[in-house]
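So you can see what is in the structure, the chains are spelled out below.
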Amino acid sequence: MADNKQLILEIKAITTKAIKDIKQLEQNIDKTKKTQDRMRVGTEGLRRSLGALRNNILLVTFAFSGMGAAMVKAVKEAVKFETLNRSFRNLGRSASLGEKSLQKLRDATNGTVKDTDLLVQANNALLLGIVQNEDQLAAMFDAAQRLAQAVGQDALYGIESLTTGIGRQSRLMLDNLGIIVDTNKAYEKFAEANEISVKEMTDFQRKQAFIDATMESVNNKLDLAGDEVIDLNQKMAMASVATSNLSIAIGQHLAPGFGTLSEKASESI
């Protein structure tokens, strides 16, 4: 009997707990129903908001798709500029080129040549060993621009012709600017000035003799060309160059963000 009483007490306890749990469940169901009703109303509003947001995103994406391409182009140009500028600084150490050297080249060409093109030609001149300091480099670029103008060409054409012509001792390249150099006479003049024979001249001395003769011819041509004139063609070039350099500046600000995105993308592959 004692065992039966204990069993009955345990059953009652279980039943009481079950009834209590059922009541709690009923209360939870009621709360859930009310919450669902509120959520249904909120969901409808959210759906309308998401629809509007989606439409706005599509409009923004459409409007800025062209800008996105321009931004990527600006970043690429900025990266190219940084690479060239780093090489310019490294190569220019022996010629004592500093942070203001690029600005000196801009001034020498009256802002008619893009920074990236200036750096390419400056690096080329430094690699060919045809200048010893920034003053010589700036003077060469200024002369090239003025001679190019005289033959109806732009500044970059003149710089390429003069730099490559001197560096490779190419009379054909120099002829593009109306410059004629007699190599033999150049060697003889240099040898006489330094009291040596032409046969005794080193390769470096021969190159220097050619450079001296070329720049002498350049200065003679500039005297004939008269004072420098900033014409409409150059003003249009200035506007184009200013836009290009602005794009590079924008790209420099955007580049860190693009770099982070590229790293994240590579990590997810």
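Model, not experiment: these values are computed from the prediction.

Participant: Quick rundown of the overall build of the protein? Include the residues and the values.
Facilitator: Counting its regular elements, the protein contains nine helices and zero strands. Written out in order from the N terminus, the α and β elements of the protein read α-α-α-α-α-α-α-α-α. Here the analysis covers contacts within the protein between residues at least 6 apart in sequence; of these, 67% occur between residues at least 24 apart. Summed over its atoms, the accessible surface of the protein is roughly 18,000 Å², and 57% of this surface lies on carbon and sulfur atoms.

Participant: Describe the layout of surface pockets, and please don't skip the residues or the numbers.
Facilitator: Of the voids in this model, the largest pocket is the one considered here, and its volume is about 330 Å³. In terms of residue count, the dominant contributor to the lining of the largest pocket is helix H9 (residues 232-268) (five residues). Class assignment of the residues belonging to the lining of the largest pocket gives a composition of five nonpolar, eight polar and four charged. Approximately 200 Å³ is the volume found for the second largest pocket. Around the second largest pocket, the lining residues are Gly129, Ile130, Val131, Gln132, Gln136, Ala139, Met140, Phe204, Gln208, Ile211, Asp212 and Met215. Of all the elements in the fold, those that place two or more residues in the lining of the second largest pocket are helix H4 (134-150) and helix H8 (203-225). Broken down by element, the residue count for the lining of the second largest pocket peaks at five residues, all from H8. In terms of residue class, the lining of the second largest pocket is built from seven nonpolar, four polar and one charged.

Participant: An account of the side chain of threonine 214 is needed here, citing residue identities and associated values.
Facilitator: Here threonine 214 lies in helix H8. Of the polar contacts made by the side chain of threonine 214, one reaches the backbone oxygen of phenylalanine 210; its length is 2.7 Å. Beyond its immediate chain neighbours, meaning those up to four positions away, threonine 214 contacts Leu162, Ile166, Leu174, Ile179 and Val181.

Participant: Lay out H8 in plain terms, naming residues and giving numbers.
Facilitator: For H8, built from 23 residues, the straight-helix expectation of 33 Å at 1.5 Å per residue is met to within 8% by its first-to-last C-alpha distance of 33 Å. Of all the positions in H8, only Ala209, Phe210, Ile211, Ala213, Thr214, Met215, Ser217, Val218 and Leu222 are classed as buried.

Participant: So what about helix H2 (residues 101-108)? Which residues, and what values?
Facilitator: All of the buried residues along H2 are Ser101, Leu102, Leu105 and Ala108. With its buried residues spanning 120 degrees around the axis, H2 presents them on a single face. One or two steps after H2, the chain reaches asparagine 110, where phi turns positive at roughly 55 degrees.

Participant: Describe the packing of aromatic side chains, with residues and values.
Facilitator: Applying the stated rule across the entire model yields zero aromatic pairs. The residue whose ring lies beneath arginine 206 is tyrosine 187, and the NZ or CZ to ring-centre distance is 5.0 Å.

Participant: I'd love a proper account of the environment of alanine 138, names of residues and values included.
Facilitator: Structurally, the position occupied by alanine 138 is in helix H4. Distance from alanine 138 to serine 101, taken between C-alpha atoms, is 8.5 Å for residues 37 residues apart in sequence. Excluding residues that lie within four positions of it along the chain, alanine 138 makes contacts with Lys104, Leu105 and Ala108.

Participant: Help me get a handle on the nonpolar core, residues and values and all.
Facilitator: Membership of the largest hydrophobic core comes to 42 residues, with the highest contact counts inside it found for Leu137 and Leu162. Put simply, the parts of the chain that give this core at least two residues each are helix H1 (2-91), H2, helix H3 (115-128), H4, helix H5 (155-167) and H8. The element best represented in this core is H4, accounting for eight residues. The residues contacting leucine 137, other than those within four sequence positions of it, are Phe88, Leu97, Leu105, Ala122, Ala125 and Val131. Ranked by size, the runner-up nonpolar core spans five residues in total, among them Tyr187, Phe190, Ala191 and Met201.

Participant: Give a description of the pattern of salt bridges that names residues and reports values.
Facilitator: All chains considered together, the criterion is met by four salt bridges. Ionic pairing is found between aspartate 135 and lysine 104, a salt bridge with its closest N-O pair at 2.3 Å. In this pair, aspartate 135 sits in helix H4 while lysine 104 sits in helix H2, placing the two residues 31 residues apart along the sequence. Overall, the relative accessible area of 32% leaves lysine 104 in the partly exposed class. Several salt bridges converge on common partners, so that one network encompasses Lys104, Glu134 and Asp135.

Participant: How would you sum up unusual backbone geometry? Please name residues and give values.
Facilitator: At asparagine 110, a position not held by glycine, the phi torsion is positive, near 55 degrees. For asparagine 110, a relative accessible area of 25% translates into the label partly exposed. The phi angle at glutamate 195 is positive, at roughly 55 degrees, despite the residue not being glycine. Along the chain, glutamate 195 falls in the loop between helix H7 (183-193) and H8.

Scoring rules and cut-offs
- Residues numbered from 1 in each chain as written.
- Predicted model: local features only at pLDDT ≥ 70, side-chain atom pairs only at ≥ 80, totals over all residues.
- Heavy atoms only, no water.
- Helix = DSSP H or I, 4+ residues; strand = E, 2+ residues; numbered from the N terminus.
- Contact = heavy atoms within 4.5 Å.
- Areas by Shrake-Rupley, 256 points an atom, 1.4 Å probe, with all protein chains shown as cover.
- 1 Å grid on protein atoms, 1.4 Å probe; cavity = no way out; pocket = protein on both sides within 12 Å on 5 of 7 lines; lining within 4 Å.
- Points joined across faces, edges and corners; volume = space filled by probe spheres on them.
- Nonpolar A, V, L, I, M, F, W, Y, C, P; charged D, E, K, R; others polar.
- Polar contact = N/O pair within 3.5 Å; in protein donor to acceptor, adjacent residues only side chain to side chain.
- Expected span 1.5 Å × (residues − 1).
- Buried < 20%, exposed > 50% of the residue type's maximum accessible area, 1.4 Å probe, protein only.
- Arc of directions from axis to C-beta.
- Phe/Tyr/Trp six-rings, centres within 6.5 Å; stacked < 30°, edge-to-face > 60°.
- Lys NZ or Arg CZ within 6 Å of the ring centre and 35° of its normal.
- Core = buried A, V, L, I, M, F, W, Y, C linked by side-chain atoms within 4.5 Å.
- Salt bridge = Lys/Arg side-chain N within 4 Å of Asp/Glu carboxyl O.

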